[in-house]
Structure formats: C-alpha cells, structure tokens
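Structure assessment
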Amino acid sequence: MLLLRRRARAVWSDPTRSLRTLESFEATEADGARDIANAAKQTFDPQLATLLTHHAADERRHAQLFRRRANELRSAAGNINYIDRQGDLSRARAQTVHFHNTDSSRKFNTDLEISYLAKLHVAEERAAKIFEVHRDLTKNDDATSAIFEEILRDEQFHVSYTRAALERYKKIGRGSDVHKALRRARGSRLIVAWKSLGARSGAGLSKIILNVLYFTIIPVFVLFAKIAPARKRSAARYFINITDRNAARSQYL
Amino acid sequence: MIHVLGVTAFCEGAGAALARDGEVAAAIHEETLSGRRGDANFPKRSIEACLRIANISADALDGVVFSEKPFLKFERILQSQLYSFPRSRRNFSRELFVWLGDRLWIKGRIAHEIGVAPEKIFFVRRGVAEATAAFLTSPFDSAAILMIDKVAEWDTTLLMRGQGSAVETLRSVTFPNSLGFFSAAVAKYLGFEGEGGEEAVAALAAYGGSRYYEQLKSYIDIRADGGFELKFTKRELHRDAEEGICKELSIAFGEARRPGAPVRIVGNDRREADFAASWQRLLTDAILSLARNLARETGDENLVFCGTVANNRTLGSAVLKEENFRNIYIPPAAGARSAAVGAALFGSHRIFHIPRVAPSAPGGSFLELSESPDGKLIKDDGEIVKITVRMLIQGKVVGWARGRVDWGARSLTNRCILADPRDCNMKDKVNQKLKRREAFLPYACAVLEERAGELLQFNPGAVPAAREKMMVLDAAPGAKVQIPAALHINNTALALFITKNSDPLLNKVLEGFADATGVPALLHASLRLRGDPIAATQADALSIFERSALDALIIENRLYERVAAEN
C-alpha cells in the first residue's frame with residue numbers, strides 16, 4: 001500500500017501520467033463491464049444475474065466518468081505527448097492484469113461460479129483500496145476527487161454483494177471451496193504483480209541500454225552522416241511498380 | 001467478392017476501413033469507439049467493427065493493407081536522430097524503445113491481432129494512401145493531386161496525377177521541408193493546439209493585416225518550380241520540427257501565446273490576428289506556387305487537394321480564383337484520417353486489380369437504437385421535418401443523430417447541430433449552449449445547393465469541395481442581412497451544399513425553412529463537445545444532450561426536448 005501511495009503521488013504530479021492513468025482506469029472499467037455482463041448471462045441464479053447486470057452498468061458508468069475527465073484534462077493541457085501511448089508497450093501488462101472470464105459461451109456450474117465470484121470479490125476489494133488512495137491524493141482537484149468518491153461508493157456495494165454471494169455458498173456446505181477460491185484469487189494477483197514488475201523493469205533497463213548506446217555507438221554514425229554527401233531524394237526512387245504484390249509486401253520500398 | 005481491410009495506427013485518425021469489390025463498405029476511426037479524441041492506438045475495435053458491419057470474419061479477408069512503410073519511416077527517424085545529435089538524446093531512447101519494441105514488428109502484430117496469414121499483409125506509403133483516398137472518393141476520372149502533410153515516411157508534399165484507379169507520383173518534397181509542420185507550429189505559436197489549430201489560424205487571419213509577412217517570408221524559400229525549403233535550423237527541424245519552429249518564432253516574434261490566453265483581434269494591438277494573416281498570406285503563396293506547377297505538368301483541369309494542410313479551407317478558393325484549375329475536390333477526412341480508406345482502396349485497385357466504381361461515402365453504422373421510452377416517437381420523416389423547422393424558427397438549437405457516423409473529424413449531416421442563421425446572436429448562443437469555442441471561430445452554413453447562388457458567390461468548380469464542407473466562399477450582397485450568424489468577419493462562409501441526393505431529409509428541412517422564412521440555409525456544426533470525438537452511438541448523443549444546454553435532440557425518429565423547469 002505504501003508503494004501504491006508513492007506511485008500514485010508521482011502520477012498526480014505529472015499531467016501526462018495523470019492522463020494515462022485515467023485512460024487506463026477507463027479501459028479497465030470498460031473491460032470489466034463487458035466481462036461482468038457476460039457473467040450475468042452465464043449464471044443460473046436470477047438474483048445474482050440482476051446484481052451482475054447492475055454491476056456491469058456501474059462499471060460502464062465509471063468508464064464514462066474517467067473518459068470525460070481525461071478529455072477535460074487533455075483539452076486543458078493541450079497536446080499531450082503520445083509517443084509512449086503509441087508504442088502501446090503496456091499491452092503485456094494489461095493482458096496479465098485482468099482475469100478476464102474468457103470463455104463466456106458456457107453456463108456456470110457451482111465450481112465455476114464460486115471461482116468467478118472469488119476473483120470478482122478480490123478484484124473489487126483491490127479496486128476499492130486503489131481508488132481510496134487516488135481519492136485521497138487528488139483532494140486538491142475537486143473534479144477528479146469527486147469521481148473517485150462516487151466510484152468508491154459503488155465499489156463498496158460490489159464488495160459487499162460478492163461477499164454475500166460467497167457467504168451463501170459457505171452456508172450450503174461449500175465453505176472450503178470458497179476459501180480455496182479466495183486464496184487462489186489473491187495468489188494470482190501476486191503473479192500478475194510480478195509480471196507487471198517484470199514488464200516495467202524491462203522497460204527501464206532498455207532505456208538505460210539505449211542511453212548508453214546513444215553516447216557510445218551513435219557518435220560514430222553521426223560522423224559518417226556529417227561527412228557523407230547529402231543524397232537527393234527524388235520521387236522516382238519511390239515509384240516502384242505498385243501493381244507488383246511483392247513490392248506492396250515490402251515495408252521499405 | 002474481394003475484401004480488403006485498410007489500417008492506420010499510431011497517429012491521430014487511427015482507424016480501419018473495409019473495401020468490398022472496390023467499394024468502401026465500412027470505415028471507422030478508433031476514437032469513435034474508444035471515446036478518446038485523437039486515439040492513436042492500434043485500432044483493434046475499429047477492425048472488429050468493420051468486420052461486423054461487413055458481416056465477414058477475418059478468414060474472408062483477401063488482404064490487409066497498412067498505411068505506412070514502417071522501415072522507411074524508421075530510416076527517417078534514425079537519420080533525424082543522427083542529424084540532431086546530441087540534442088536528440090531524450091527522444092532517442094523513447095523513439096527506439098517504441099520502434100524496436102513494437103512498431104518494427106507491426107506485420108506480426110497485424111497477423112496476430114486480426115488473425116490473417118502474413119502473406120495477406122501489404123504496405124502502402126502514407127502519402128500515397130491519402131492521395132488514393134482523396135482521388136478515388138472524388139467525382140473525377142482524372143485529376144492532378146496535391147498532398148501536403150506534416151510528414152509520412154519521408155514525403156511532406158506530393159505532386160501526383162490520378163487517372164482511372166491509379167495515382168502516380170510526379171514529384172515530392174521531403175522532410176525536413178514540411179509546410180504541414182510549419183503550419184502546425186504557427187498554430188502552436190498562436191496558442192491553438194490539436195487538430196483544429198490550423199482552422200483557428202485561418203479564421204483568425206480574417207481579423208488581421210499582414211505586417212509580419214516579409215519577416216515570415218525569410219523562413220521559407222519558395223522556388224519557381226513549386227518546391228520550397230524551410231530556413232529554420234536544420235538540427236532543430238530534425239529533433240522536433242514543430243517545437244523547433246515554434247521556438248524560433250518565439251525568438252524572432254516574441255513570446256508564444258499560451259492556450260486559453262486572450263486573443264488580440266481588435267484595437268491597435270492585434271498581434272495574433274496580424275501574425276495569422278501574415279502566415280495565411282505566405283501559405284497561400286506556397287500553395288499557389290505548387291498548384292501552378294502541378295497544373296502545368298499535368299494539364300488537367302481538376303485538382304484534388306488533400307493532406308492536413310487542406311484543412312485550411314480558405315486555400316481551395318484561392319486556388320480556384322487563380323484559374324489554373326476549373327474544379328477542385330477536398331476530402332472531408334484530411335490527412336492521416338483518410339489513410340485507412342486509401343489503403344483499402346489501394347489494395348482493391350492496385351493489388352487486386354478491381355476496376356474503379358463510383359465514389360461512395362465511407363462510414364460505419366453504429367447507432368444502436370435502444371428501447372428507451374424517454375424520447376417521444378415521431379411517426380415519419382415528414383413529421384421530423386415539420387418539428388425541426390418549427391423548433392429552428394423558434395430560435396432553438398437542435399441536434400440530429402441518425403444513420404452512419406460521418407467519416408472524418410467533422411460531421412457532415414448525420415451527427416450535426418442546426419440553428420437559425422438569421423439571428424446575429426445565434427453563433428454566441430450555440431457557443432454558450434454547447435460548443436464553447438473561441439468567439440472568433442465561425443460556424444458552417446448548410447445551404448440548398450440549387451439556391452446557393454442567392455447567398456454565396458462561387459465558381460461552379462467549387463461545388464465538389466463545398467459538398468464536403470471543405471470550401472470557404474464569398475457571401476453574396478445581401479447575405480449579411482439574411483444569414484449574419486453564418487458569416488465570418490470578412491464576409492465569407494464555410495459552406496456545406498445539400499442536395500436531394502446527398503441528404504434527402506436535410507434537404508427537406510432546408511426547403512421547409514426556406515418556405516417559412518425565405519432563407520435556404522441553416523447554421524451547422526458537428527454534434528460533439530469540445531475535446532470529445534463526434535457522438536457515435538445513441539448513448540453518446542444523449543450524453544451530449546445531458547451535458548450541454550442543447551434545446552432538442554432528434555435521434556433517428558425520437559425527439560428529446562429540454563423542458564424549462566417550473567418555478
């Protein structure tokens with residue numbers, strides 16, 4: 001939690017990172033909404049289906065709130081540098097962070113439902129903690145803080161109804177399955193955090209290596225570039241017979 | 001049937017387009033689906049949406065064409081890093097991280113994300129894709145093509161010829177000589193950032209005089225053959241062209257205007273207006289020089305003008321006035337926004353040899369009609385026309401959302417706002433109710449094409465571009481009394497010509513309004529809020545209605561009207 005606070009503090013002091021964080025939250029909530037909406041169709045329990053549908057609608061609304069705030073900040077700040085986003089190198093991180101319920105074609109049996117509810121409960125608990133930290137750190141930005149406040153109220157409901165659903169399974173003698181599922185869900189988040197750390201470390205190390213290359217290898221090529229005669233680029237060079245499929249497959253010519 | 005998917009990514013206007021037998025079946029920008037204006041990510045959502053609209057799976061695709069030659073672009077980036085050493089140290093690690101980690105492997109990524117075999121993946125230069133899109137969606141069988149952009153791989157300006165289904169490059173200007181970057185830098189210097197920056201500069205120019213013209217002219221050498229060379233520090237151009245130019249302008253002309261700071265357009269000190277006017281004059285000189293040479297080389301009477309610089313919609317009129325060309329077409333989706341369509345059409349015609357068909361307006365259909373009981377059901381189109389005309393005459397600002405999302409950053413008629421242009425305060429009302437733009441920016445004027453001559457003065461050659469809302473025209477005498485809200489300070493109007501064929505329903509509304517008031521025109525704007533992309537779905541449109549003070553919104557055949565609160 002301390003680490004999260006430190007990182008969150010760094011986020012809100014940097015306009016680009018603030019914007020990226022809001023967009024990342026938006027994507028997470030939107031993905032969550034789709035996932036939960038699918039789960040609502042998979043359960044046989046009508047009461048749970050209603051709650052999951054309501055939950056999905058909340059997530060969609062949260063995504064919209066984050067999107068709007070991000071758009072407001074972007075308009076106010078002017079052109080945020082998109083180079084990092086365009087690389088989309090956090091794909092690896094994004095894919096490992098979410099526990100997507102990928103096979104939405106089949107109905108839940110009891111084991112699957114317990115497993116899904118446990119993952120959802122743990123995810124909502126975690127989300128509530130994260131949003132609480134962000135709410136506290138954005139107290140000098142009323143608009144952003146208000147969004148986190150609103151979402152926190154919903155997250156608290158999500159935590160409590162998923163807990164209640166798991167309690168129902170405990171009462172019908174599936175207590176040990178529920179505990180196992182919760183343990184697995186919490187454990188899998190550690191693996192996700194580990195993978196995320198790996199992706200970030202890799203990015204950091206790459207940047208160090210590239211900086212070293214810049215000051216050691218690149219100057220040699222700079223020298224060549226300065227002494228070589230400037231080449232005139234003519235349009236003819238690039239007019240290849242463009243009906244040739246092989247030429248069209250080329251990423252250069 | 002031959003299905004070709006065009007993809008643009010990693011720039012504003014990222015999106016996808018699908019061509020079926022040479023005709024555009026669907027085209028969507030990623031921002032439309034993600035809700036993030038200027039979304040530059042790999043357009044996975046757009047691709048899925050295109051396949052869904054065309055009702056095919058990825059297996060049925062015959063080809064996927066990416067609108068960039070990545071290795072060629074990487075060559076330019078590397079060379080720029082070398083030329084700007086050691087000032088490029090910050091950019092170097094960031095750029096290489098992105099390129100080595102992701103961009104150079106785009107072929108594999110496309111194959112993986114879409115699920116197509118690598119042999120089906122092709123690449124086309126960005127400039128060629130933009131020119132192809134512009135030419136093949138134009139009404140011309142042959143035309144000269146002028147493409148001016150910031151930079152694609154190496155090309156910043158392309159002089160081309162289009163014939164049938166092919167485009168041929170005649171000459172090009174390469175990086176770092178870029179009118180696109182110069183234009184964007186001027187917009188940044190004047191405090192207008194983002195996609196609408198150049199338009200804002202063009203509008204601001206009408207308020208000023210060209211007292212900085214000679215000084216600005218020293219930064220560009222326009223040659224007799226139409227080529228040009230920028231006279232800024234080469235190292236800065238290679239490091240970051242837009243920022244480098246802006247910095248040099250700040251040194252030469254004084255501090256740049258902060259976004260949001262007051263714009264000086266009246267009184268003795270009209271610095272920003274004068275700078276904009278000076279730049280507009282210089283840019284026009286450069287464009288006219290290019291156009292003259294292109295006309296001489298091709299001998300064609302038709303011109304297709306595309307690229308981000310074509311967003312400056314006063315340039316088309318200037319070209320026509322010189323009479324080097326008789327007809328001009330400017331596509332509504334300028335710059336990289338058109339590249340996905342261009343890539344799809346390039347693949348269809350040049351790789352799969354499908355003959356050219358009549359131009360079709362690309363767009364994706366996303367309006368999801370919900371069963372919401374809130375909107376009042378309108379029984380038929382006739383009733384929609386009556387209600388809309390009634391509300392407009394009452395002075396209300398009415399939003400329309402129907403059918404396919406228009407292709408491009410601006411909406412034409414499917415996602416629009418309409419208002420009465422006879423009220424000289426209407427521009428301010430629309431601004432206050434929802435657009436919140438700078439006060440000097442004009443709105444467009446939707447006008448019945450058959451009666452446009454009553455309000456506007458124009459060369460018949462301007463009609464193709466005016467149908468796409470890409471032409472600023474001079475107002476006719478008397479227009480100032482009839483449509484004051486739609487005119488700019490210099491008595492010009494950004495026109496959108498409407499015909500029975502282009503939009504039957506809006507045509508009827510204009511006819512109804514004309515019958516009631518004698519004025520065959522309406523104030524027109526896109527249905528979107530500042531900073532947001534155009535409303536795509538019903539939910540987006542309703543969200544705009546809730547967050548603004550729009551008086552009424554008609555979504556397909558449902559009316560949402562704002563009711564005054566009872567005291």
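The structure under discussion appears in the preceding block.
Before going into details, it helps to say that this report is about the structure given with it. (Residues numbered from 1 in each chain as written. Chains lettered and ligands numbered in written order. Predicted model: local features only at pLDDT ≥ 70, side-chain atom pairs only at ≥ 80, totals over all residues. Heavy atoms only, no water.)

Let's shift gears to the sheet that holds strand S3 (residues 23-29) of chain B. Two orientations exist for strands paired in a sheet by backbone hydrogen bonds: parallel and antiparallel. Residues and elements named next belong to chain B. Read across the open sheet, the five strands follow the order S3-S2-S1-S4-S5; overall the sheet is mixed. Here the strands that pair on one side only, and so sit at the sheet edges, are S3 and strand S5 (121-123). Averaged over neighbouring strand pairs, the angle between their axes works out to 20 degrees when direction is ignored. As paired elements, strand S1 (residues 3-8) and strand S4 (residues 63-66) share four bridges and run parallel to each other. Note that in S4 the partner of Gly 6 across the bridge is Val 65. Lying over the sheet, helix H13 (residues 339-351) contacts S1, strand S2 (15-20), S3, S4 and S5, oriented at roughly 145 degrees with respect to S1. (Pairing = 2+ DSSP bridges. Helix = DSSP H or I, 4+ residues; strand = E, 2+ residues; numbered from the N terminus. Axes fitted to C-alpha atoms, helices over the stretch in contact; angles between N-to-C directions. Contact = heavy atoms within 4.5 Å.)

For the rest of this paragraph, the subject is the side chain of B:Ser289. All names here are of chain B. Along the polypeptide, Ser 289 turns up in helix H11 (residues 271-298). Exposure remark for Ser 289: the relative accessible area of 5% places this residue in the buried category. Residues contacting Ser 289, with those up to four places away along its chain left out, are Ile 222, Arg 223 and Gly 226. (Buried < 20%, exposed > 50% of the residue type's maximum accessible area, 1.4 Å probe, protein only.)

Moving on, we come to the nonpolar core. Soluble globular proteins: nonpolar side chains tend toward being buried together. Residue and element names in this part refer to chain B. In terms of nonpolar packing, the biggest core is built from 135 residues, with Phe 182, Ile 287, Phe 305 and Trp 400 touching the most fellow members. Ranked by the residues each element gives to this core, the list is headed by H11, at 14 residues. In terms of nonpolar packing, the next biggest core, distinct from the first, is built from 38 residues, Val 4, Ala 133, Ile 145 and Ile 354 among them. (Core = buried A, V, L, I, M, F, W, Y, C linked by side-chain atoms within 4.5 Å.)

Residues and elements named next belong to chain B. Where burial is concerned, most of strand S6 (residues 142-148) is hidden: seven out of the seven residues are buried. Looking at chain direction, S6 and strand S7 (residues 155-163) are connected through seven bridges and run antiparallel. The residue bridging Met 147 from the neighbouring strand is Leu 158, located in S7. From the end of S6 to the start of S7, which pair antiparallel, there are six residues. Pairing of S6 with strand S11 (residues 302-306), which is carried by four bridges, proceeds in the parallel orientation. Paired with Leu 146 across the two strands is Phe 305, which belongs to S11.

The next thing to look at is the pattern of salt bridges. As enumerated under the stated definition, the model contains 49 salt bridges over all chains in all. In this structure, A:Asp154 engages A:Arg61 in a salt bridge whose closest nitrogen and oxygen atoms are separated by 2.7 Å. In this pair, A:Asp154 is assigned in helix H7 (residues 142-216) and A:Arg61 in helix H3 (residues 46-77), connecting sequence segments 93 residues apart. Judged by relative accessible area, A:Asp154 falls into the buried class, the value being 15%. Between B:Glu243 and B:Arg239 there is a salt bridge; the shortest N-O distance is 3.3 Å. Taken as a pair, B:Glu243 and B:Arg239 lie in helix H10 (residues 234-253) at a separation of four residues, close to a single helical turn. Residue classification places B:Arg239 among the buried residues on the basis of a relative accessible area of 16%. Within this structure, B:Lys44, B:Glu48, B:Asp102, B:Arg109 and B:Glu113 form a network of salt bridges that share partners. (Salt bridge = Lys/Arg side-chain N within 4 Å of Asp/Glu carboxyl O.)

Everything listed here is a matter of geometry and, on its own, says nothing about what the molecule does.
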